[in-house]
Amino acid sequence: MNTLKLGEHFICDLSECDRELLLDAERASELFTRAVDESGLTIVNKGFYKFNPHGFTCFLLLAESHASLHAWPEHGYCAIDLFTCNLSLDISPLVQRLQELFDAKHCSVYHLDRTAEVSEPVWI
């Protein structure tokens, strides 16, 4: 058996964000989508759900995996997950761009390597 790194998962907490922007769920979702697209990741599908009275979740299905944003406007907070199998992509510019777009005063990023114990591939 071998340990194989198959992807990287980045968990980003943006706090003290622009609450007015987060209340405009459609605009915030568009900004998130544009930033991910401009990062070099490939969006193949997307979803969006707006909560009542406020807050939203949007997700992007990527050729490289997925990205999601969960927003709590009342707290000025965004939880962003980025999972990619593109191991050569530097995610730092995207995180910095998201922090700027949402005017986040604080940004924490947690990085996990996604690994698996695997044997030689079997081609069917």
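Chemist: Got a minute to help me understand the packing of aromatic side chains in this structure?
Modeler: Remark: the centre distance and the inter-plane angle together describe each pair of aromatic rings, the angle taken between the planes. Counting across every chain of the model gives three aromatic pairs. For the ring pair Trp72 and Tyr77, a centre distance of 5.4 Å and an interplane angle of 45° mean the geometry is tilted. Looking at Arg114, its charged tip hangs above the ring of Phe83, at a distance of 4.9 Å from the centre.

Chemist: Mind showing me how you'd approach the pattern of salt bridges here?
Modeler: Think of it this way: side chains of opposite charge can pair up when their charged atoms draw near. Applying the stated rule across the entire model yields four salt bridges. Here Glu8 and Lys5 are joined by a salt bridge, their closest N and O atoms 3.0 Å apart. Among the residues examined, Glu8 registers a relative accessible area of 9% and is labelled buried. Owing to a relative accessible area of 34%, Lys5 belongs among the partly exposed residues under this scheme. A salt bridge links Asp113 to Lys5; its shortest N-O distance comes to 3.1 Å.

Chemist: What exactly am I supposed to notice about unusual backbone geometry here?
Modeler: Most peptide bonds take the trans form, and the phi angle of most residues other than glycine is negative. The peptide bond linking Asn52 to Pro53 adopts the cis configuration, its omega dihedral lying at 10°. On the secondary structure map, Pro53 appears in the loop between strand S2 (43-50) and strand S3 (56-62). Unlike most non-glycine residues, Asp103 shows phi in positive territory, near 50°. Secondary-structure assignment places Asp103 in the loop between helix H3 (92-101) and strand S6 (106-118). In this structure Asp103 comes out as partly exposed when scored by relative accessible area, which is 39%.

Quick notes on the rules
- In every chain, residue numbers begin from 1 and rise along the written sequence.
- In view of the model being predicted, local features appear only for residues whose pLDDT reaches at least 70, and side-chain atom pairs are presented and counted only at 80 or more, with totals across whole chains, interfaces and linings using the full set of residues.
- With hydrogens and water excluded, all non-hydrogen atoms of the structure serve as input to the side-chain values.
- By convention, a stacked pair of Phe, Tyr or Trp rings (six-membered ring in the case of Trp) has centres within 6.5 Å and planes under 30 degrees apart, an edge-to-face pair has planes over 60 apart, and any other such pair is tilted.
- Only lysine NZ and arginine CZ atoms are considered, and such an atom sits over a ring when it is within 6 Å of the ring centre and within 35 degrees of the ring normal.
- Definition used for salt bridges: Asp or Glu carboxyl oxygen within 4 Å of a side-chain nitrogen of Lys or Arg.
- Burial classes follow relative accessibility: with a 1.4 Å probe on protein chains only, a residue under 20% of its type's maximum area counts as buried, one over 50% as exposed, and anything between as partly exposed.
- Secondary structure elements follow DSSP: runs of H or I of four or more residues count as helices, runs of E of two or more count as strands, with numbering from the N terminus.

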